[in-house]
Amino acid sequence: MTRTVDAPKTKAPVITAADYFAAKLAYEMTPWTLKGLIVDGKATSCGLQPSAVCVLDVRSPDAYRQGHVPGAISIPLAELSGKIVSLPKNKTIVTYCANITCALAPKAALELAQKGFKVMELYGGIATWQEYGFPIEKKS
């Protein structure tokens with residue numbers, strides 16, 4: 001008796017690739033755009049004003065002290081749930097972590113979005129910010 005095995009079934013994607021990339025771009029902020037907002041004080045082409053953003057560093061306190069985006073506040077991801085009430089609901093929260101492969105910022109952005117915050121992620125994290133030679137602040 002010959003037995004046949006069906007090929008594994010794959011699920012159709014929930015969204016199309018075009019929808020995914022459109023959404024991805026809508027919720028990512030480039031280092032150039034963030035620098036324009038917080039360092040240069042310029043509004044963005046999408047209408048964000050410098051006063052309308054809150055930059056959130058979700059790395060460890062040590063990493064934050066060694067260097068962070070100017071004006072960023074430090075709330076490590078593990079502490080975010082307990083400190084979420086301290087974040088402004090009337091601003092766009094821009095999360096960032098170490099680099100493009102770090103998952104802390106997207107996890108923070110997801111948690112914030114699920115709680116009703118306007119949120120974006122800094123593309124490339126602090127590593128890309130520094131690669132461009134943008135200023136950092138240090139805490140002693």
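Use the structure listed above.
The rules behind the values
- Residues numbered from 1 in each chain as written.
- Predicted model: local features only at pLDDT ≥ 70, side-chain atom pairs only at ≥ 80, totals over all residues.
- Heavy atoms only, no water.
- Salt bridge = Lys/Arg side-chain N within 4 Å of Asp/Glu carboxyl O.
- Buried < 20%, exposed > 50% of the residue type's maximum accessible area, 1.4 Å probe, protein only.
- Phe/Tyr/Trp six-rings, centres within 6.5 Å; stacked < 30°, edge-to-face > 60°.
- Helix = DSSP H or I, 4+ residues; strand = E, 2+ residues; numbered from the N terminus.

## Considering the pattern of salt bridges
Working step 1: Summed over the entire model, instances satisfying the criterion amount to five salt bridges.
Working step 2: Close ionic contact of D57 with R59 constitutes a salt bridge, the shortest N to O distance being 2.7 Å.
Working step 3: Among the residues examined, D57 registers a relative accessible area of 0% and is labelled buried.

## Here we look at the packing of aromatic side chains
Working step 1: On inspection of all chains with the given rule, the structure shows five aromatic pairs.
Working step 2: Aromatic side chains W32 and Y132 sit 5.3 Å apart centroid to centroid with 45° between the ring planes, which places their arrangement in the tilted category. Highlighted residues: W32 in helix 2 (residues 31–38) and Y132 in the segment after helix 6 (125–131), separated in sequence by 100 residues.
Working step 3: By relative accessible area, which is 41% here, Y132 ends up partly exposed.

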